[in-house]
Each structure stands twice: as structure tokens, then as C-alpha cells.
Amino acid sequence: MTTCRAVSLRAIQRIARQSLSLRPKQMGTRQYCVYIMTNRTNTVLYTGVTNNLKRRVYEHKQKLVEGFTKRYNVVRLVYYEVFSDWMSAIRREKQIKAGSRRNKEELMNSMNSD
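So, here is what we can say about the structure in this document.

Parameters and conventions
Residues numbered from 1 in each chain as written. Predicted model: local features only at pLDDT ≥ 70, side-chain atom pairs only at ≥ 80, totals over all residues. Heavy atoms only, no water. Pairing = 2+ DSSP bridges. Helix = DSSP H or I, 4+ residues; strand = E, 2+ residues; numbered from the N terminus. Axes fitted to C-alpha atoms, helices over the stretch in contact; angles between N-to-C directions. Contact = heavy atoms within 4.5 Å. Core = buried A, V, L, I, M, F, W, Y, C linked by side-chain atoms within 4.5 Å. Buried < 20%, exposed > 50% of the residue type's maximum accessible area, 1.4 Å probe, protein only. Arc of directions from axis to C-beta.

### Here's the deal with the sheet that holds strand β2 (residues 45–50)
Step number 1: Strand order in the open sheet formed by three strands is β2-β1-β3, with antiparallel pairing between adjacent strands. A strand with exactly one partner marks an edge of an open sheet, and here the two such strands are β2 and β3 (76–83). The sheet shows a mean angle of 20° between the axes of neighbouring strands, direction not considered.
Step number 2: Summarising the sheet, strand β1 (residues 32–38) and β3 pair through seven bridges and their orientation is antiparallel. The partner of Val34 across the bridge, within β3, is Glu81.
Step number 3: Those strands touched by helix α5 (residues 101–111) are β1, β2 and β3, and its axis lies near 85° from that of β3.

### Points about the nonpolar core
Step number 1: Membership of the largest hydrophobic core is limited to 11 residues, which are Tyr32, Val34, Ile36, Leu45, Val78, Tyr79, Phe83, Ala89, Ile96, Leu107 and Met108.
Step number 2: Among the elements of the structure, β1, β3, α4 (86–98) and α5 are those that each provide at least two residues to this core.
Step number 3: What Ile96 contacts, discounting residues up to four positions off in sequence, is Val34, Ile36, Thr47, Tyr79, Glu81, Lys104 and Leu107.
Step number 4: Of all hydrophobic cores here, the second largest spans nine residues; its members include Cys33, Met37, Val57 and Val74.

### Description of the side chain of Thr47
Step number 1: Secondary-structure assignment places Thr47 in strand β2.
Step number 2: In this structure Thr47 comes out as buried when scored by relative accessible area, which is 6%.

### Description of α5
Because an α-helix packs 3.6 residues into every turn, residues spaced three or four apart end up facing the same way.
Step number 1: Three or more residues of α5 are buried, namely Lys104, Glu105, Leu107 and Met108. Each buried residue of α5 sits inside an arc of 160° when the element is viewed along its axis, so together they form one side. Exposed positions of α5 whose direction lies more than 90 degrees from the buried face are Arg102 and Ser110.
Step number 2: In this fold, the buried residues of α5 make contact with β1, β2, β3 and α4.

### Quick look at the pairing of β1
Step number 1: Across the seven residues that make up β1, a large majority, seven, are buried.
Step number 2: Of the two faces of β1, the one lined by Tyr32, Val34, Ile36 and Thr38 and the one lined by Cys33, Tyr35 and Met37 are each fully buried.
Step number 3: Pairing geometry for β1 and β2, over six bridges, is antiparallel. Its bridge partner lying in β2, Tyr35 is registered against Gly48.
Step number 4: Here β1 hands over to β2 after six residues, with Asn42 in that stretch at a positive phi of 60°.

Read these as spatial facts, not as claims about activity.
This is the structure we're talking about:
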């Protein structure tokens, strides 16, 4: 099994600030994130999509969302990608979900390499 480090809240906040500065100053402009989270022992992987990564990670960590992530204690963000349109984000989420665990681990390791 591959070990991976969680993406820190500080890193999420930095990315959020950077993406805000890159966004056009238009009303209705959003960013969408595809993300992978795991449990403390890296035995479970969850892939999702959101328009607010910081809020969504908080919801998972606080177990505010019923279902898979609450049941399997999914609390560590280990990978994310940012998109400017929701269709691309959903397409990528489906692509990641359809991939093997090994492919997901390679993605996680690419973000969490030393």
C-alpha cells in the first residue's frame, strides 16, 4: 500500500487565495475542485467534486455529511484539481472514479511528493 500525506489546511487556504486572485472579477464566476480524500490508515479512497473545497473538507472532517465518508471516517484531503467550469470538473471526477486504485495513488503521490 502506498502511504500519502494529507494536504494541509494551510495549503488549501493558499490555493484558495491564489485561485481568487486569478479569477476574473465577474459575478457568477466560480471554480470547481475534484478531490480525493482518505481515512487515517489510507485504506479507503473517496473522490468528489465541489465548488468550495475548504468548506467541503470541513464538512467531511466534522462528519456533517451522512453516507460513505462519515461511515468510513474519511478525513484527509490527499489530492485536488481546480477547474473553471463544472462540466470539466464532473468529467474529470468520473474519469478518476473509473480508474484503478493504483492510478489514484499515482495522482496522490504526484501532489504529495517530497
